[in-house]
Amino acid sequence: NAGVTQTPKFQVLKTGQSMTLQCAQDMNHEYMSWYRQDPGMGLRLIHYSVGAGITDQGEVPNGYNVSRSTTEDFPLRLLSAAPSQTSVYFCASSYSWVAGINTGELFFGEGSRLTVL
Amino acid sequence: DAKTTQPPSMDCAEGRAANLPCNHSTISGNEYVYWYRQIHSQGPQYIIHGLKNNETNEMASLIITEDRKSSTLILPHATLRDTAVYYCIVRVAHSGAGSYQLTFGKGTKLSVIP
């Protein structure tokens, strides 16, 4: 059971380039999300999805795009990379947001470290 | 989601209990208390959660005050591998919540000392 898999683990981009961070989970989770973490700060939500075909914005969505065509995959697209997007990105998934049915815990990937020059 | 307040850092001797406090004085009746930890630069890891009763699992215990305005995470016998940043989060945990966001603060950096 692989859990939440993020690729790539490391990436260096030049300003203006575009790229996609991949996230896949094999746990049949409804809920998936992307967070970014900057030095000395907590995690901030970028986008999330409560099921295939459904996405919504989080706290810091500008400059990012997402789609959810399958239950398993939730890619994050950087449209035109900027130095301010240098960060560590975490993908997380949960079976359900409802704590009464299960723990409602989020499972996190290992992170993708992005540097924009 | 309610805001939480945690001390920025704490030390604990190896083998002793680590007691990590969290204040959430504005918590509402349908909000759960969740604890996660982040070891070095890895992805956060779920520890435990609760609504109003004390909870225990293989990792930790969660003590929630009767008025639910604060809670304490207890690691009964801290080891060096428990050195991490611990996040206390409160959130609604029912369907149709309207908000599916976990709000991470800066957490408490726990250092377990040999």
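Described in the following lines is the structure provided in the data block.

About the thresholds
- Starting from 1, residues in each chain are numbered consecutively following that chain's sequence as written.
- Just so you know, chain letters begin at A and ligand numbers begin at 1, following the order they were written in.
- In keeping with the predicted nature of the model, local features appear solely for residues at pLDDT of at least 70, side-chain atom pairs appear and are counted solely at 80 or more, and the whole-chain, interface and lining totals rest on all residues.
- Note: side-chain values were computed over all heavy atoms of the structure, leaving out hydrogens and water.
- Two aromatic rings, drawn from Phe, Tyr or Trp (for Trp, its six-membered ring), form a pair once their centres lie within 6.5 Å of each other, and the interplanar angle then sorts them: stacked below 30 degrees, edge-to-face above 60, tilted otherwise.
- Secondary structure elements follow DSSP: runs of H or I of four or more residues count as helices, runs of E of two or more count as strands, with numbering from the N terminus.
- Note on exposure labels: buried denotes an accessible area under 20% of the residue type's maximum, exposed denotes more than 50%, and partly exposed covers the range between, all computed with a 1.4 Å probe on protein chains only.
- Residues are treated as being in contact if the distance between any of their heavy atoms lies within 4.5 Å.
- In this description, a nonpolar core means a group of buried Ala, Val, Leu, Ile, Met, Phe, Trp, Tyr and Cys residues linked to one another through side-chain atoms lying within 4.5 Å.

## Concerning the packing of aromatic side chains
Residue and element names in this part refer to chain B. For the structure shown, the criterion picks out 12 aromatic pairs over all chains. Relative to Tyr46, the ring of Tyr36 lies with its centre 5.9 Å away and its plane at 75 degrees, an arrangement referred to as edge-to-face. Of this pair, Tyr36 sits in strand β3 (residues 31–38) while Tyr46 sits in strand β4 (residues 45–50), placing them 10 residues apart in sequence.

## Here we look at the environment of Leu21 of chain A
Residue and element names in this part refer to chain A. Structurally, Leu21 is set in strand β3 (residues 19–25). By relative accessible area, which is 1% here, Leu21 ends up buried. Leaving out residues up to four positions away in the same chain, Leu21 has contacts with Thr7, Pro8, Trp34, Pro75, Leu76, Tyr89 and Ser112.

## Some words on the nonpolar core
Counting residues in hydrophobic clusters, the biggest one holds 21 residues, and the most contacted among them are Trp35, Leu73, Tyr86 and Leu110 of chain B. Of all the secondary-structure elements, those providing two or more residues to this core are β2 (18–23), β3, β4, β6 (61–64), β7 (70–75), β8 (84–92) and β9 (108–113) of chain B. With four residues, the single largest contributor to this core is β8 of chain B. Core analysis: the next-biggest nonpolar cluster, separate from the first, contains 20 residues, Met19, Cys23, Ile46 and Val66 of chain A among them.

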